[in-house]
Amino acid sequence: MASVLVGAAACSDAPASVGSAPTPAKTSPRPSAPATPQPPPPPSGNGGLPRGGRVIFPKYQLVGYVGLPGSPALGPLDKDLEKKAATLEKLSKSYAAERIPQPVMELIAVVAKGSPGKDGLYRGRLADAAIDEYLTVARKHKMLLLLDIQPGRAKILPEVKRLERWLKEPDVGLAFDPEWAVGPGQVPGRVYGHTTGVELDSIASYLSGLVRANNLPEKVFVFHQLSTRIVSNEKALTKHPGVVTIKSVDGIGARTDKLETWGKLTATLPSSVHAGFKLFYTEDTRHGPLMTPPQVLALEPRPEFVVYE
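Just so you know, these numbers come straight off a predicted model, no measurement behind them. (Residues numbered from 1 in each chain as written. Predicted model: local features only at pLDDT ≥ 70, side-chain atom pairs only at ≥ 80, totals over all residues. Heavy atoms only, no water.)

**Focus on the layout of surface pockets**
Defined as follows: Site definitions follow a grid-based scheme: protein atoms alone, a 1 Å grid, a 1.4 Å probe that fits but cannot get out for cavities, and for pockets an open set with protein on both sides within 12 Å along at least five of seven lines, plus lining residues having an atom within 4 Å of a point. Grid points are joined across faces, edges and corners, and a volume is the space filled by probe spheres set on the points. Under the grouping applied here, Gly and all other residues not named as nonpolar or charged are polar, the nonpolar ones being Ala, Val, Leu, Ile, Met, Phe, Trp, Tyr, Cys and Pro and the charged ones Asp, Glu, Lys and Arg.
Taken as a whole, the second largest pocket spans an internal volume of roughly 190 Å³. Together, P151, G152, R153, A154, K155, I156, A181, V182, G183, P184, H194 and E199 line the second largest pocket. Among the residues forming the lining of the second largest pocket, the class breakdown is 6 nonpolar, 3 polar and 3 charged.

Next comes the structure, spelled out in C-alpha cells:
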C-alpha cells in the first residue's frame, strides 16, 4: 500500500479542480482534457460489446492498463493515450490463448486523498471532460472503459451512482478499490480500507438494474483486493444477471509473494466471481523480473482479467 499521498491532476471534491492521489512517487500535473472538449463518439457494435456480442466470458480475455491523468505512479494511462492504446493492444494479444483479446482502459475516476477536502471525504473526482476524453480513445480502439473508484471516506454506492451517465453505456464498466475505502476518523494511505460482501453485492445489484433497464450487454464489475482483511463475508456476494464480477488479486512483490497472495485470495473465490490478476511495472520489478504472460496464464484458476499498473 502506498504510504505517501501527493498531488495529481484534475481531481477534487468538485469535478473540475485539483486534488491528490495515493502514490509512492511525485506526479507531474497536466491538463486532463482539451480546452474545448468534444463529446465521445457513439459506441460501436450496435449496442453490444466493442468487439462484438453481448457476453464477456469465455469469448474474451481481458487485459488492461490502469491510470490517472498526470499521475505516472498510478499506472500507464497518465498521458499519451493513443500511444498507450497501441501498446495495450499488442500486450493483449500475448494473452489471447485461444480467446479474443479485449483491451481495457481502467481510469481512476474517483481517487483517494490524504487531505479531507471541502466536504471532509478524503477523495477527489475526475473532471467529466477527462472521462469523456478517455472514453473517446477507448471507443476509437474498440476497448472497454472501466471507471475505478477509490472512495476515501465517501460511501461507495453514491459514488457509483454519480457515474451513471457513463455506466449506462454498453462499453463502460466499474472497478472498486476498497483498500482506499476508510471509515470515520481514518485517513486513506495510513490504514487499509475495507468492504463487505454485502456492500459488493449491492453494487452488483445496482449495475444489474442498469443492464436490464437499458438493454445492455454484460457489464464488468471489478473489485481489487491485496489482503484477506480487505473484504469480509465475501460469500454474501452473489451472481446478478448481466454483471460479470471479477476479483483482481493485487499483491505486490516477488513472484513467490504474488503467488502466495494469489493462493490465499482465490481459495475462497465464490463460484459466481471470476479471477483477475494485477502486475505492477515498478513495485514488482524491485523484487525481480515481471511475470510473463505464460506465467500468469498458468495460474489456477485462470486470470480472465490481467491489469497492469
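**Things to note about the packing of aromatic side chains**
Cut-off, in case you're wondering: Between 30 and 60 degrees the pair is tilted, below 30 it is stacked and above 60 it is edge-to-face, where a pair is any two Phe, Tyr or Trp rings, Trp via its six-membered ring, whose centres lie within 6.5 Å. Numbering goes from the N terminus for both helices and strands, where a helix is a DSSP run of H or I of at least four residues and a strand is a run of E of at least two.
Summed over all chains, the structure comprises 5 aromatic pairs. Where W262 meets F277, the ring centres are 5.4 Å apart and the plane angle is 80°; that geometry is what we call edge-to-face. Residue W262 is located in helix 6 (residues 255-266), and its partner F277 is located in strand 13 (residues 273-279); the two are separated by 15 residues in the primary sequence. By the ring-pair criterion, three or more aromatic residues cluster together here, those being Y65, Y95, Y281 and Y308.

**Describing the pattern of salt bridges**
Rules: Here, a salt bridge means any side-chain nitrogen of Lys or Arg that lies within 4 Å of a carboxyl oxygen of Asp or Glu. When a residue's accessible area, from a 1.4 Å probe over protein chains only, is under 20% of the maximum for its type it is buried; when over 50% it is exposed; and in between it is partly exposed.
Tallying each qualifying case throughout the model produces 16 salt bridges. In this structure, R165 and D128 form a salt bridge, with 3.8 Å as the shortest nitrogen-oxygen distance. With a gap of 37 residues between them, R165 in helix 4 (residues 164-167) and D128 in helix 2 (residues 128-140) connect regions that are remote in the sequence. The exposure class assigned to R165 is partly exposed, which follows from its relative accessible area of 45%.

**Section: the nonpolar core**
To be explicit about the condition: Among the buried residues, those of types Ala, Val, Leu, Ile, Met, Phe, Trp, Tyr and Cys that are joined through side-chain atoms within 4.5 Å form a nonpolar core. Residues count as neighbours in contact if any of their non-hydrogen atoms are within 4.5 Å of one another.
Within the largest apolar cluster, 78 residues are counted, with the highest numbers of intra-cluster contacts made by L62, M105, L145, L147, L167, L207 and F221. Among the elements that take part in this core, strand 5 (residues 100-112) stands out by supplying 7 residues, more than any other. When near neighbours in sequence (up to four residues on either side) are disregarded, F221 contacts L174, F176, L200, I203, A204, L207, V243, V244, T245 and I246.

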